[in-house]
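Each chain, letter by letter, is given below.
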Amino acid sequence: MSHRSFRDFLSVAEQHGLLRRVRQTVDPTWELACLARWPYQALPNESRFGLLFEDVEGSEFPMATGVLGASRESYAVALGVSQEEINETWANALINPIPPVAVKTAPCQEVVRTGDEVKLSDLPVPTWTPGKDPGPYITTSVMTRDANTGNQNTGVYRTRVRDDRHVVINLNPRRHGHNQTNSWLERGEPAPIAWIVAAEPAVHLASVGAVFPGVQEIEIAGGLKGEPIELVKCVTSDIMVPANAEMIIEGEILPGEMDEEGPFGENFGYMSKPGIKPVARITAITHRKDAIYYGFSSQMPPSESTVIQSIANAALTQKILRHDLGETSVHDVHFDLTFGGQAAHGIISMTPLHPGHAKKVGRTTAEVSSLKRITVVDADVDIRDPTHVDWAINARYSPVRDTILIDDVFVRMAMDPSTPIVDGVKMNSKIVIDATQKLEEPVFSLPSKDMMMKALETWKEAGLPEFEIPKRAHLRLDRS
Ligand SMILES: Cc1cc2nc3c(=O)[nH]c(=O)nc-3n(C[C@H](O)[C@H](O)[C@H](O)COP(=O)(O)O)c2cc1C
C-alpha cells in the first residue's frame, strides 16, 4: 500500500537515499531551482535524488522538490510497490478505482489563514528558470469542480504568482480543469479552484495521467493508494481536497479577468511564449502546523515532470492495449523519460501471435497515444535497457520491410519544435518500427546459463567487483 501522507513518503525516500537535505539558507529567486536541476542534469537515473531545502530565505516553510519523479525507483517507492509492479498497479487503479471518503477535520487545516493573513510571499515558491521566467511559479496538482455535475478534476497547471493574493493559471482550453472552471464562468460566477501541496503521493501521480474526461483522478488515486483518499471541504469553497496534504491554497477564478502568463521553462526543454490566461484571487491558505512545501521540478528534460508523466502515460497505454483492446500478448510498455510521453518514444514488448501482429499493435499505439515514435520488440527484450533495445533493432529490424510512417497527425501541444505552426495549426507525423523477429533466429553466442552462473563462483573467489546481473543478461541467458 502507498503512503498515508507526503511526509511519510519523504522519510522513506530519505532512508532509500532518494532525498537529500540542504541545510544552508537558499535564495528561492534563483539558487533553489539551480540546485534542484543538478541531480537531473548531471546524475544517471539510478543515482538521482530529490532535495529538501530546510531553510528557504524569506519563508518559515521548508521546501522539497524532485523526489516523486527522481527515477523509476523513487516513483515505485512513492507508490509503495516494486518497479516491476508499477504498470500493473496503474491498470488495477484504472479498472477498480476507489471513491474518496469525506472527513470533517483534517491535518491540512490545522492552521487557517484568510483575509489579511493570506500572503503568497510567505511561501517558499521558487523561480524555476531564473532570469527567464517572470517570477515564482506554484507547480503542483490543482483541483477544480464542475458547476453542473459536482465532478472534480485534478491536474497540474503551472501557476504564476502575480502578487500576494493573485495568481495567473496556465489553464489550457483542452484541459479538463479548463472545462470545469468554464462551467462557472459561463454563468458569470467565480470558479472555485484549489492547489494541493504535498498530498499523499498517489494523488499527485494520478493527477498527471491523461485519463478520459469525466474520470475523477481522485478515484484513480484511491486505486493507486489501495484505499480511499480522505477529502475535506475547503474553508472558502465546496471543493473537496486531500485532508492529509501539507498545505492547500484556495482561490477563485474571476470572470473576465486575464493577465500575462509566461514565458516559462517548459518540460520539453524550451521556454514557452507568454500568453494571456485566467487570474485567480487567493481566498485562503490552510496548512499543517509544521508544513513542508512541495513543488514539481520541470524544465529541461529529464525532469521530475517528464518522469512522472512518462511513467503514468506508459501505464495508461498498456492498460488500453491489454484491457480495453484485448491485446493480451503485450507484455510491457515503456515511454522514454524525456518528454512525458508526448511526442516521445514508446517501446512495447510483446509476443506476436500472427504475421503483422506487431505492426498492428504499433499502429494502434500510435493512434491511442501522443507518441511520435513507437518501437515494438519481442518479449525477450528489456525495454528499459537502451543497449538491449538497440541490439534488437539492429538484429531484427529491416527498415524498408518493418517501418510504418503515419503522416498528417494533428498535434495538440505547441512545444514540439520539430514542426512549425501554420495558420494556428501544428501537424506532425509518426513512425512505427517493428523490431520483432520474423525469421528463424540463429543461436545466441553465449555459453549456457549453467556455465555462466558457475563461473560466477570463480569470479567471487578471484575478488573481482560484485555486480547485480542486469535483466538483459537474465533474458539472454534464459535462451542460451
Ligand atoms: C510540473 C508539471 C506542470 C504542468 N503544467 C501544465 C500546465 O501548465 N498546463 C497544462 O495544460 N498541463 C500541464 N501539465 C500536464 C498536465 O498536468 C497533465 O497533462 C494532466 O493530465 C492534465 O490533466 P487534465 O487532462 O485532467 O486536464 C503539467 C504537468 C506537470 C507534471
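Before any of the text, the structure's been laid out above.
Everything quoted here is computed from the prediction, not taken from an experiment.

Visitor: Could you clarify how one ought to interpret the pairing of strand β15 (residues 275-287) in this entry?
Guide: Strand residues, when the strand is regular, have side chains that alternate between the two faces of the sheet. With respect to burial, β15 is a largely interior element, 10 of its 13 residues being buried. Bridge count between strand β5 (residues 111-114) and β15: 4 bridges; the pairing is antiparallel. Counterpart to Arg 113 in the pairing with β15 is Ile 285. Examined bridge by bridge, strand β10 (residues 166-169) and β15 share 3 bridges and lie antiparallel to one another. Paired with Val 168 across the strands is Val 279, a residue of β15. Summarising the sheet, strand β14 (residues 247-261) and β15 pair through 11 bridges and their orientation is antiparallel. Bridging from a neighbouring strand, Glu 260 pairs with Ile 276 of β15.

Visitor: Which parts of the structure should I look at to understand the sheet that holds strand β13 (residues 240-242)?
Guide: Strand pairing in a sheet is mediated by backbone hydrogen bonds. Such pairs are either parallel or antiparallel. With mixed pairing, the 3 strands of this open sheet are ordered in space as β4-β12-β13. The open sheet has two edge strands with one neighbour each: β4 (101-102) and β13. Here strand β12 (residues 230-233) runs beside β13; their pairing, made up of 3 bridges, is antiparallel. When the sheet's bridge partners are listed, Lys 233 is paired in β13 with Met 240.

Visitor: Help me out: how do you make sense of the nonpolar core in this one?
Guide: For soluble globular proteins, nonpolar side chains are generally found buried alongside one another. Formed by 93 residues in total, the largest nonpolar core has its most connected members in Trp 90 and Trp 195. Setting aside anything within four residues of it in sequence, one finds Trp 90 in contact with Tyr 75, Leu 205, Ala 206, Gly 209, Ile 220, Leu 224, Ala 312, Ala 315 and Leu 316. Core analysis: the next-biggest nonpolar cluster, separate from the first, contains 22 residues, Phe 268, Phe 335, Ile 406 and Val 432 among them.

Visitor: Would you take a moment to explain the packing of aromatic side chains for this structure?
Guide: Each pair of aromatic rings is reported with the distance of its centres and the angle of its planes. Applying the stated rule across the entire model yields 7 aromatic pairs. A centroid spacing of 4.3 Å and a plane angle of 20 degrees characterise the contact between Phe 268 and Phe 339, whose relative ring orientation is stacked. Residue Phe 268 is found in the loop between β14 and β15, and its partner Phe 339 is found in the loop between β17 (330-335) and β18 (345-350); the two are separated by 71 residues along the sequence. A residue is classified by how much of its surface remains accessible, and Phe 268, at 5% relative accessible area, is buried. What makes Phe 339 buried here is its relative accessible area of 16%. Ring centres of Tyr 294 and Phe 296 lie 6.0 Å apart, and the angle between their planes is 85 degrees; this geometry places the pair in the edge-to-face category. Among the residues examined, Tyr 294 registers a relative accessible area of 2% and is labelled buried. A residue is classified by how much of its surface remains accessible, and Phe 296, at 4% relative accessible area, is buried. What links up through ring pairs into an aromatic cluster is the set Phe 6, Phe 9, Tyr 294 and Phe 296.

Visitor: Just checking my understanding: could you explain the side chain of Glu 261 for this structure?
Guide: Relative to the helices and strands, Glu 261 resides in strand β14. Within the structure, the side chain of Glu 261 is placed 2.8 Å from the side chain of Arg 158, a separation counted as a polar contact. If we skip the residues at most four places from it in the chain, Glu 261 touches Tyr 137, Arg 158, Arg 160, Val 168, Asn 170, Lys 273, Pro 274, Gly 275 and Lys 277.

Visitor: Help me understand helix α8 (residues 304-324) in this model?
Guide: In an α-helix there are 3.6 residues to a turn, and that puts residues three or four apart on one side. Helix length check: α8, at 21 residues, gives a terminal C-alpha distance of 29 Å against a target of 30 Å (1.5 Å per residue), a fit within 8%. Most of α8 is tucked away: 18 of the 21 residues are buried. At the C-terminal side of α8, Gly 326 shows a positive phi close to 70 degrees.

Visitor: What's the story with the site of the ligand in this structure? I'm lost.
Guide: Contacts to the ligand come from 17 residues, most closely from Val 156, Tyr 157, Arg 158, Asn 170 and Arg 175. Between the ligand and Glu 217, the relevant distance is 3.1 Å, taken from an oxygen atom to a side-chain nitrogen or oxygen of the residue. Protein burial of the ligand: of its 640 Å² of free accessible surface, 92% is covered by the chains. Every element with two or more residues in the shell around the ligand is listed here: β8 (152-156), α5 (176-185) and α8. No other element matches β8, which puts 3 residues into the shell around the ligand. Here the shell around the ligand is built from residues that sort into 4 nonpolar, 10 polar and 3 charged.

About the cut-offs
- Numbers given to residues run from 1 along each chain, matching the order in which its sequence is written.
- Residues qualify for local features only when their pLDDT is at least 70, as the model is predicted, and side-chain atom pairs are given and counted only at 80 or more; totals for whole chains, interfaces and linings, by contrast, use all residues.
- Where side-chain values are given, they derive from all heavy atoms of the structure, hydrogens and water being excluded.
- The rule is simple: take the accessible area with a 1.4 Å probe, protein chains only, and divide by the maximum for that residue type; under 20% is buried, over 50% is exposed, in between is partly exposed.
- Strands are runs of DSSP state E lasting at least 2 residues, helices are runs of H or I lasting at least 4, and numbering of each runs from the N terminus.
- Strands qualify as paired when DSSP identifies two bridges or more between them.
- Each nonpolar core is a collection of buried residues, namely Ala, Val, Leu, Ile, Met, Phe, Trp, Tyr and Cys, held together in the definition by side-chain atoms within 4.5 Å.
- Pairs of residues are marked as contacts when any of their non-hydrogen atoms sit within 4.5 Å.
- The rule is short: rings of Phe, Tyr and Trp, with Trp giving its six-membered ring, pair when the centres are within 6.5 Å, and they are stacked under 30 degrees, edge-to-face over 60, tilted in between.
- N or O atoms within 3.5 Å of each other form a polar contact, as long as, within protein, one can give a hydrogen and the other can take it, and as long as residues adjacent in sequence are counted only when both atoms are side-chain atoms.
- To estimate how far a helix should extend, the number of its residues minus one is multiplied by 1.5 Å.
- Put simply, a residue is near a molecule or strand once any heavy atom of it comes within 4 Å of that molecule or strand.
- The method behind every accessible area is Shrake-Rupley, applied with a 1.4 Å probe, and residues are considered shielded solely by the protein chains displayed.
- When residues are grouped by polarity, Ala, Val, Leu, Ile, Met, Phe, Trp, Tyr, Cys and Pro land in nonpolar, Asp, Glu, Lys and Arg in charged, and all others, Gly among them, in polar.

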